[in-house]
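Survey of secondary and tertiary structure
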Amino acid sequence: MLNIFQNIEISHYIYLSCVLFCIGLFGVLFRRNAIILLMCIELMLNAVNLLFAAFSEYMGDKDANGQMFVFFIMVVAAAEAAVGLAILVMVYRNTRKTDVSFLDSLKD
Amino acid sequence: MNSIGLILGLPLAGFLINGIFGKNLPKSIVGWLGTFTVLASFVIALGVFNDLRHSAIPSEGFHLKLFTFLNIESFNVDFSFTLDRLSIMMTLIITGIGSLIHLYSIAYMHEDEGFYKFFAYLNLFIFNMLMLVLGANFLMLFFGWEGVGLCSYLLIGFWYKNAEYGKAARKAFIMNRIGDLGLLMGLFLIFHQYQSLDYNVVLPKMSNGSTSQSMLTAISMCLFVGAMGKSAQIPLYTWLPDAMAGPTPVSALIHAATMVTAGVYLVVRCEALFYLSPITNNVIMWVGLATSIMAALIGLKQNDIKKVLAYSTVSQLGLMFVALGCGAYTAAMFHLATHAFFKALLFLGSGSVIHAMHHEQDIRQMGGLKSKMPITYITFLIGTLAITGFPFLSGFFSKDEILIAAFEHNKLVYVLAVISATITGLYMFRMFFVTFHGKYRNHHHSFDKVHESPWQMSLPLMLLAVLSVLGGLLNLPSYLGNNVSMKLSHWLAPILPMAESHAEMSHNTEFMLIGLVVLLFVLVVLYTRNKYVSKNAVPEEDALTPSTGKVLANKFYIDELYEMVFVKPLEMLSSLVDNFIDSKLIGGLISGISKILVFISDLNKKIQNGNIEYYLTFMVLALALFLGFNLFF
């Protein structure tokens, strides 16, 4: 199993991560639905996770920090998803919508 | 000298107590407190007067330095007072007549709801007036000067609910301010020239000949402008007749006996200066003479009892300035004192009449009051005789002294001053006969309701009547013998070092001049008595007066002239400033700036529309830019 991953060039990991990140980024920027927004944020975080893991493997035994970071990010992502969904539920209860483009009360 | 502090402090204490607690005190306490503080000052002043009589150096007074008021480099002014022969005379007049008028006010103002305020103001006035005459330097005098102006303003506008009275108060205040500017310029010049404002430093320096003539003239003219404002001389006299809007005791105290004589006091105090400026002396003399005659002429046609007295005051002040201009300083002070007696008496008498007539001031509505108000009638008669120069009453001596000084100085001035004195007789007897003789002419109040005033009002009348009769004793003419005569001249001589004693004119000339004046007096009495008592003539309505009389009744249209020449252009200028410069130019500039800001903000507002997507987009774009910049450059 490990070999398979090691055999893949590091550049492929980077391309994949970039693609995933950009998909997430554009999802955040251009979708209106808050749930999709949260999913896209997860996607961006996971793109970063993948990159961390890949770099960690690339560095070999010398450095396992990257893999450590992945765990941290997973924890933060889980917390963020929990809080985000809670906010979303409240927003939905109050406005009956999950469309973020209507939430412009920040300008006041 | 503790007594100086007491003389000044008692009225101030009265003012503070009445001003702070007066609202909750019963009227009797307020009134008597106000009266007794001034009376106590008077008694103490009498004691000081006695000390001064026995003092070793007659030109020296007592001094009291409280603290150093200002000390900036070479500019040093002490908060100090001096009580010499001149200021004790003023102090006695102020506190003596002041306490009588306080007593009078207890009854006169009894119905008024602002009773405590009135007494607080009166006490404050006495304090300020004392500060004016007791100050040991020009700055202290200036404080008092401004203080009495303030009190005058407060008391003229005492019945402030009447808008006209408020206007009169403001007029007095503003006209006085014009004069005060002159006084202030004078003080600046004095300081510029002598680096000091102390009388003791400045006055000797003026007389030692080191100052240029033009400087002396400039200083004395500036001071005289100040005196013009306070003492109601042409051209700044129109405020005084209007000041009759105040309660009558105020007119008696401030606008007849004391404050308006401050100008005379100032000139006498600076005798050394004025003696050395012949140009100013001439100006003073002619201004005084013009004021005297003009005010007397206007007084001929006034029908308001207090207005007649007001113009009479202006006229008498003019006579005092004639005396000052002739260098007869003692005569001016003498007339100041006797005028304080009889004019206070006349004003209080008119107040008694007004009180009895339920605030009716028009003499055409009166008549025949002598049977109902015997005390007022007799005292008013004495006052009238005193002011018109009935032989051997106070006004006779003081006015004659002025006339004789004028005769020695300039024959033309003498003739004009005699004319002014004769007109004084005409308007005073006209008023007197119309008010007290003839038939009662008022249909609104029945004659039975007219009553004599209570004792608080008649007692001051009687005391002042005694003073008006005996006031001449202050300075009897020299032909009555050396032991009794010229007391005031001897008293003031150490204070007035420059004024040489006049060359004695022969007594025959003097008797002739006096005879002429007495003859004119008799003619005036006969003429007015014939017109207003025998023929029972009532002054015409303003509309019916013939054209020359109309000019007089309308006060030579001076108020209208000032309105046209000064007030209207000023109003136009200020409305121009208001409409154009202020609202268009400055307002436009300010609101223009804010409009530009609002415009820019409106542009910016569109960026911050509160939509997260925009914010995120901008954030990502910016990040991408930074990243790209880092990568490629």
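Residues numbered from 1 in each chain as written. Chains lettered and ligands numbered in written order. Predicted model: local features only at pLDDT ≥ 70, side-chain atom pairs only at ≥ 80, totals over all residues.

Glancing now at the overall build of chain A. From N to C terminus, chain A includes four helices and zero strands. The helix and strand sequence of chain A, counted from the amino end, reads α-α-α-α. Over its C-alpha trace chain A gives a radius of gyration of 17 Å, far above what one expects of a compact globule, namely 13 Å for 108 residues. In terms of its C-alpha atoms, chain A occupies a principal-axis envelope of roughly 50 × 25 × 25 Å. Going through the 108 residues of chain A one by one, you find that 11% of them count as buried. Long-range contacts, defined here as pairs at least 24 residues apart, represent 53% of the contacts in chain A between residues at least 6 apart. (Helix = DSSP H or I, 4+ residues; strand = E, 2+ residues; numbered from the N terminus. Rg over C-alpha atoms; globule rule 2.2 N^0.38 Å. Buried ≥ 20, exposed ≤ 12 C-beta atoms within 10 Å, placed from the backbone. Contact = placed C-beta atoms within 7 Å.)

This part takes up the domain arrangement of chain B. Each assigned domain of chain B is listed here: domain 1 (277-553) and domain 2 (564-632). Using only C-alpha atoms to locate each centre, domain 1 of chain B and domain 2 of chain B end up separated by 71 Å. (Domains from an automatic or database assignment.)

Counting residues in hydrophobic clusters, the biggest one holds 199 residues, and the most contacted among them are Val322, Ala323, Ala332 and Ala344 of chain B. If we skip the residues at most four places from it in the chain, Val322 of chain B touches Met285, Gly288, Leu289, Ser292, Ile402, Ala406, Val413 and Ala417 of chain B. (Core = buried A, V, L, I, M, F, W, Y, C linked by C-beta atoms within 7 Å.)

Within an α-helix, residues lying three or four positions from one another point in the same direction, as the helix has 3.6 residues per turn. Residue and element names in this part refer to chain B. For helix α23 (residues 558-607), spanning 50 residues, the distance from its first C-alpha to its last is 69 Å, which sits close to the expected 74 Å at 1.5 Å a residue. Of all the bends found along α23, the most pronounced is centred on Gly588 and spans about 40°. Of all 50 residues that make up α23, zero are buried, and the element is exposed over most of its length. (Expected span 1.5 Å × (residues − 1). Bend = angle between axes of the 7 residues up to and from the residue.)

What follows deals with the pairing of strand β1 (residues 62-72) of chain B. Where burial is concerned, little of β1 of chain B is hidden: zero out of the 11 residues are buried. If you look at the hairpin formed by β1 of chain B and strand β2 (residues 75-83) of chain B, you'll find two residues sitting between the two strands, and Glu73 of chain B has a positive phi there, around 50°. (Pairing = 2+ DSSP bridges.)

For the rest of this paragraph, the subject is the interface of chain B and chain A. Each side of the interface is counted separately: chain B has nine residues, and chain A has 10 residues. Counted by class, the side of chain B that touches chain A contains three nonpolar, five polar and one charged residues. (Nonpolar A, V, L, I, M, F, W, Y, C, P; charged D, E, K, R; others polar.)

A separate point is helix α15 (residues 329-356) of chain B. Residues and elements named next belong to chain B. Relative to the 40 Å expected for 28 residues at 1.5 Å per residue, α15 spans 40 Å between its end C-alpha atoms, a close match to the ideal helical length. The principal kink in α15, of about 25°, is found at His339. By the criterion of burial, α15 is predominantly enclosed, with 27 of the 28 residues buried. Looking one or two places after α15, you find His358, whose phi comes out positive at around 55°.

For the rest of this paragraph, the subject is unusual backbone geometry. Residues and elements named next belong to chain B. Between Ile234 and the following residue, Pro235, the backbone shows a cis peptide bond with an omega angle of 5°. Relative to the elements of secondary structure, Pro235 occurs in the loop between α8 (213-230) and α9 (239-242). Even without a glycine there, the phi angle at His359 is positive, about 60°. With respect to the helices, strands and loops of the structure, His359 is situated in the loop between α15 and α16 (374-388). By C-beta crowding, His359 is classed as exposed, having 8 other C-beta atoms within 10 Å. Even without being glycine, Phe392 reaches a positive phi, approximately 75°. Within the fold, Phe392 resides in the loop between α16 and α17 (394-409). Judged by the 11 C-beta atoms lying within 10 Å of it, Phe392 is exposed.

The subject of this paragraph is the environment of Ala77 of chain A. Residue and element names in this part refer to chain A. Here Ala77 shows up in helix α4 (residues 65-95). Under the C-beta neighbour-count criterion, Ala77 is labelled partly exposed, with 18 such atoms within 10 Å. With 35 residues separating them along the chain, Ala77 and Glu42 place their C-alpha atoms 6.9 Å apart. What Ala77 contacts, discounting residues up to four positions off in sequence, is Glu42 and Leu45.

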